[in-house]
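Inside the fold
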Amino acid sequence: DAKTTQPPSMDCAEGRAANLPCNHSTISGNEYVYWYRQIHSQGPQYIIHGLKNNETNEMASLIITEDRKSSTLILPHATLRDTAVYYCIVRVGSSSASKIIFGSGTRLSIRP
Amino acid sequence: DAGVIQSPRHEVTEMGQEVTLRCKPISGHNSLFWYRQTMMRGLELLIYFNNNVPIDDSGMPEDRFSAKMPNASFSTLKIQPSEPRDSAVYFCASSQLASGTGSYTFGSGTRLTVV
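Residues numbered from 1 in each chain as written. Chains lettered and ligands numbered in written order. Predicted model: local features only at pLDDT ≥ 70, side-chain atom pairs only at ≥ 80, totals over all residues. Heavy atoms only, no water.

Describing the overall build of chain B
Regarding its fold elements, chain B presents zero helices and 11 strands. Tracing chain B from N to C terminus, the helices and strands come up as β-β-β-β-β-β-β-β-β-β-β. Its C-alpha atoms give chain B a radius of gyration of 13 Å, near enough to 13 Å, the size a compact globule of 115 residues would have. In terms of overall dimensions, chain B has C-alpha extents of about 40 × 25 × 25 Å along its principal axes. Taken over 115 residues, chain B has a buried fraction of 49%. Residue pairs in contact within chain B that sit at least 24 positions apart in sequence constitute 54% of those at least 6 positions apart. When the accessible area of chain B is evaluated, it comes to approximately 5600 Å², of which 49% is carbon and sulfur surface. Within chain B, one finds 10 positive and 11 negative side-chain charges whose respective centroids are separated by 4 Å. (Helix = DSSP H or I, 4+ residues; strand = E, 2+ residues; numbered from the N terminus. Rg over C-alpha atoms; globule rule 2.2 N^0.38 Å. Buried < 20%, exposed > 50% of the residue type's maximum accessible area, 1.4 Å probe, protein only. Contact = heavy atoms within 4.5 Å. Areas by Shrake-Rupley, 256 points an atom, 1.4 Å probe, with all protein chains shown as cover. Lys, Arg positive; Asp, Glu negative; His and termini not counted. Charge placed at Lys NZ, Arg CZ, Asp CG, Glu CD.)

In structure tokens:
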């Protein structure tokens, strides 16, 4: 699976949009971009995933560049509960037949 | 649904003792994953099963570690004998093969301390 690069830490003011970048310049045509987050002491939680098109759900939006070499996770109105480590992962296919390998992630701090 | 259930939540044991961690996946999920998390190494995939069959155990650190999935609703991760360097949080996750999202649901983890 392609490797990803994320900033180790970011901060954002409560109520503002949090934009978390991820570089995946070696991504292959059949690899999806996934985002998970891990709130302190809890198991990781699935947020969103996509292949080519931008995606939105009740938690976040995912913007993938046209060349697919990078993406941005957007939390539109960050709250203190969004403080967590966010992981960007690329993997082959969207079924669980391929394993998920976690990197170091971005530690997002939301300030009041 | 109760989600992925792991037990115990906390385990403290002495070096050399056998430790068994347990996991009940979400009903209907047919893939199960064991991860280990430490400050130094982050989240590491140890082993995963599809339809109760081990598919990839390349992440299992050594022969002291073993995992089984006797049926679709139960899995164990055993460490025998345990060592202080095994201290970590162990997570179990489950997923549905060929599901729409391919996402994993994680349990709350077992915090293991070996003294």
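Now that the structure is up, let's keep going.
What about the sheet that holds strand β8 (residues 84-92) of chain A?
Residue and element names in this part refer to chain A. Spatially, β1-β9-β8-β3-β4 is the arrangement adopted by the five strands of the open sheet, whose pairing is mixed. In this open sheet, the two edge strands, each paired with only one partner strand, are β1 (9-13) and β4 (45-50). On average, each strand axis in the sheet is tilted by 25° relative to the strand beside it, whichever way the strands run. Relative to β4, strand β3 (residues 31-38) runs antiparallel, the two sharing five bridges. Paired with Tyr-34 across the two strands is His-49, which belongs to β4. (Pairing = 2+ DSSP bridges. Axes fitted to C-alpha atoms, helices over the stretch in contact; angles between N-to-C directions.)

Read these as layout, nothing more, since geometry by itself doesn't imply function.
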